[in-house]
Amino acid sequence: MKEKTPWQKQYHKVRDAVIVAFGGKCFGCDKKLTRKTAEFSHIEVDEEFNGGSRGSWKRITNVMKHPSKYGMACNACHKKRDIKLGIWKWQVAT
Ligand SMILES: [Zn+2]
């Protein structure tokens, strides 16, 4: 039997792996992050992945491909950072 939304399962799997790879906590406030609370923020402005039209799947696979280009944060820190884009320095786990 086929899954209704196989991409969603795959997406969660990838997202979980990425969260672990990023240390599982917010770079801004050290808050523990889960699949539901983790957000990925681009370190540099990226036209393709900036703004409201970015696709989650495309984004998460891009995070996996280029982890050094992203920071993982909670919603509050992400917002804070988006406001101060370019000012906040992200430290990315290697
Ligand atoms: Zn935070």
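Residues numbered from 1 in each chain as written. Predicted model: local features only at pLDDT ≥ 70, side-chain atom pairs only at ≥ 80, totals over all residues.

(A) Region of interest: the overall build of the protein chain. When its secondary structure is counted, the protein chain shows three helices and two strands. Ordering the α and β elements of the protein chain from the N terminus gives α-β-α-β-α. For the protein chain, the proportion of its 94 residues judged to be buried stands at 19%. When contacts within the protein chain are restricted to residue pairs at least 6 apart in sequence, long-range pairs at least 24 apart make up 71% of them. (Helix = DSSP H or I, 4+ residues; strand = E, 2+ residues; numbered from the N terminus. Buried ≥ 20, exposed ≤ 12 C-beta atoms within 10 Å, placed from the backbone. Contact = placed C-beta atoms within 7 Å.)

(B) Region of the structure containing the nonpolar core. With 13 residues, the main nonpolar core has Ile19, Cys26, Leu33, Met72, Ala73 and Cys74 as its most contacted residues. Apart from the residues within four sequence positions on either side, leucine 33 is in contact with Ile19, Gly24, Lys25, Cys26, Ala38, Met72 and Cys74. (Core = buried A, V, L, I, M, F, W, Y, C linked by C-beta atoms within 7 Å.)

(C) Spatial organisation of unusual backbone geometry. Positive phi values are uncommon outside glycine, yet aspartate 30 reaches one of about 65°. Among the structural elements, aspartate 30 can be located in the loop between helix H1 (6-21) and strand S1 (39-42).

(D) Spotlight on the environment of alanine 21. Along the chain, the position of alanine 21 falls in helix H1. Using a count of 15 C-beta atoms within 10 Å as the deciding quantity, one classes alanine 21 as partly exposed. Measuring from C-alpha to C-alpha, the distance between alanine 21 and methionine 64 comes to 9.1 Å, with 43 residues separating the pair along the chain.

(E) View of the confidence of the model for the protein chain. A residue-level look at the protein chain finds 69% of positions with pLDDT of 70 or above and a mean pLDDT of 76. Model confidence for the protein chain, summarised as mean pLDDT per element, is weakest for helix H3 (residues 75-83) at 79 and strongest for H1 at 88. Across residues 86-94, where pLDDT falls below 50, the model places eleven contacts with residues more than four positions away in sequence or in other chains. (pLDDT = per-residue confidence, 0-100.)

(F) Looking closely at the packing of H1 against helix H2 (residues 56-65). Relative orientation of the contacting elements H1 and H2 amounts to 35°, with a least axis distance of 10 Å. Handedness of the H1/H2 crossing: left-handed. Along its contact with H1, which presents Trp7, Tyr11, Val14, Arg15 and Val18, the element H2 presents Ser56, Trp57, Ile60, Thr61, Val63 and Met64. Residue composition of the contact of H1 with H2, grouped by class: eight nonpolar, two polar and one charged. (Axes fitted to C-alpha atoms, helices over the stretch in contact; angles between N-to-C directions. Left-handed = near helix turned anticlockwise from the far one by under 90°. Nonpolar A, V, L, I, M, F, W, Y, C, P; charged D, E, K, R; others polar.)

(G) Structural context of the environment of histidine 78. Looking at where histidine 78 falls in the secondary structure, it is placed in helix H3. Separated by 40 residues in sequence, histidine 78 and alanine 38 place their C-alpha atoms 9.4 Å apart.

(H) Quick look at the environment of phenylalanine 27. With respect to the secondary-structure elements, phenylalanine 27 resides in the loop between H1 and S1. In this structure, the C-alpha to C-alpha distance between phenylalanine 27 and methionine 72, residues 45 residues apart in sequence, is 6.2 Å.

(I) Up close: H1. With 16 residues, H1 should reach 22 Å at 1.5 Å per residue; the first-to-last C-alpha distance of 23 Å fits that figure. Positive phi shows up at glycine 23, right after H1, with a value of about 90°. (Expected span 1.5 Å × (residues − 1).)

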